[in-house]
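# Coordinate inspection notes
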Amino acid sequence: MPGLLDPGNPALALAGGPPGRRLVVVDARVHELHGDRLHHYLDARGVDHETLVLPVHAQVKTMDAVFQVADRMDSFGISRRGAPVLAVGGGVLAEVVGLACTLYRRSTPFVRIPTTLHGLLAHRPEVETLVDPAFLVTLGRRQVASGLAEVLKVALIADADLFGLLERRGRDLLDTRFQAAGVGTAVLARVVGTTAFDDGTSDGGHFGHILSPTLETRALPELLHGEAVCVEMALSTVVARRRGLVDAEQTERILRLMRRLELPVRHPLLESIALGEALADTVRRRDGGRWLPLPSGIGAGVLVDDLGGRELVGAAGWLRAWSAVTAAAPTLDG
Ligand SMILES: NC(=O)c1ccc[n+]([C@@H]2O[C@H](COP(=O)([O-])OP(=O)(O)OC[C@H]3O[C@@H](n4cnc5c(N)ncnc54)[C@H](O)[C@@H]3O)[C@@H](O)[C@H]2O)c1
């Protein structure tokens, strides 16, 4: 929905409940960049509001931040079935506000206004999500690349055409921050809601998200969310290659596309002790099953449940060697 902060567009003022007072929680960086337009919009539409500006990002995803939101909801006098909280920011802000709303008076509705690519792609059980890709114009290039990892995830396990589109236009999307005419919104629409494998199992959504949480946490603040996801996707691709699920040419295309999108294909932590930890953590959370979603060709995926530790170590070694060779002999793909 373009023009969300255009006073001529009533969507934001009416989202999530009857017109009335609103508590607006805004990411500090977003407030710096878009706060004037946001307040101008709310004033112009006559929305009485209070603002809580929160400096949140992956390192400060804390309960303190959650309590700060809950305290403000309390002093603002929010009513359980009444006005929704507006959450304007990235994935972290949405998680913090979402948790505060879940806890406060059992459940307070909130409206998400995502301002990062991760945010635009994520699903949440809030009452409404208002999507405006124009927010991405101010997003850092590395943050856009990180979000593109989620697009690549869907392309790899569910959508071969999208993979082709990323090969042709992925760099444009990065360069223009999703403003490239016709492509940005088409890609967003294609990705949202696609998390199932072709066979109908919903585990495709976990592709790249099994080992990466341990990696992301251990590597903080070095790796962004999508970067950690991409490292796991690269590793999974090589595991798939060694099982004969993808061929040599497909493996090369996948890894090169990751490079073109300025995403890492490996990280030393996922070749060391952290790999064992990630696997153990996965097994703990998955009822003892050593399972991992893998690509099967390009645009399809399968779930394996017999993943071996040695298999992962072997794949990590292969990737290390591939990275060294391709970095030493750069091609047009970069
Ligand atoms: N559960 C899911 O479906 C899901 C999916 C993706 C991500 N996530 C979660 O979200 C987090 C990553 O999301 P994120 O990338 O949105 O992180 P984020 O919320 O930390 O935002 C990244 C950075 O960009 C800044 N920013 C936000 N919008 C901006 C804009 N328009 N212009 C300039 N700067 C802006 C923020 O201040 C922050 O410093 C991770 O913690 C991850 O767990 C969850």
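Everything below is about the structure shown above.
Please read all numbers here as calculations on a predicted model, not as lab measurements.

## Side note on the pattern of salt bridges
When their charged atoms lie close together, side chains carrying opposite charge are able to pair. Under the defined criterion, the tally for this structure stands at 17 salt bridges. Across the pair Asp175 and Arg141 runs a salt bridge, and its minimum N-O distance is 2.9 Å. With Asp175 in helix H7 (residues 160–176) and Arg141 in helix H6 (residues 141–158), this pair connects stretches of sequence that are 34 residues apart. We classify Asp175 as partly exposed; its relative accessible area is 43%. The exposure class of Arg141 is partly exposed, given its relative accessible area of 27%.

## Describing the packing of aromatic side chains
In total, this model carries zero aromatic pairs according to the counting rule given. The residue whose ring lies beneath Arg21 is Phe76, and the NZ or CZ to ring-centre distance is 4.0 Å.

## Considerations on a nonpolar patch on the surface
Taken together, the side chains of Met63, Phe67, Leu99 and Leu103 make up a nonpolar region of the molecular surface, amounting to roughly 370 Å² of accessible area. Topologically, Leu103 is positioned in helix H4 (residues 91–103).

## With respect to the site of the ligand
Around the ligand, the structure places 22 residues, and the nearest of them are Gly91, Thr115, Thr116, Phe135 and Thr138. Measuring from an oxygen atom of the ligand, one finds a backbone N or O atom of Gly91 at 2.6 Å. Note that a nitrogen atom of the ligand is positioned 3.4 Å from one of the backbone N or O atoms of Leu139. Calculation on the ligand without its partners gives an accessible area of 860 Å², and the protein chains cover 82% of this total. Going through the elements one at a time, helix H2 (28–44), H4 and H6 are the ones with two or more residues in the shell around the ligand. Of the residues that constitute the shell around the ligand, the class distribution is seven nonpolar, nine polar and six charged.

Procedures and definitions
Residues numbered from 1 in each chain as written. Predicted model: local features only at pLDDT ≥ 70, side-chain atom pairs only at ≥ 80, totals over all residues. Heavy atoms only, no water. Salt bridge = Lys/Arg side-chain N within 4 Å of Asp/Glu carboxyl O. Helix = DSSP H or I, 4+ residues; strand = E, 2+ residues; numbered from the N terminus. Buried < 20%, exposed > 50% of the residue type's maximum accessible area, 1.4 Å probe, protein only. Phe/Tyr/Trp six-rings, centres within 6.5 Å; stacked < 30°, edge-to-face > 60°. Lys NZ or Arg CZ within 6 Å of the ring centre and 35° of its normal. Patch = residues over 30% accessible without salt bridge, like charges linked within 9 Å, V, L, I, M, F, W, Y side chains within 5 Å. Areas by Shrake-Rupley, 256 points an atom, 1.4 Å probe, with all protein chains shown as cover. Near = heavy atom within 4 Å. Polar contact = N/O pair within 3.5 Å; in protein donor to acceptor, adjacent residues only side chain to side chain. Nonpolar A, V, L, I, M, F, W, Y, C, P; charged D, E, K, R; others polar.

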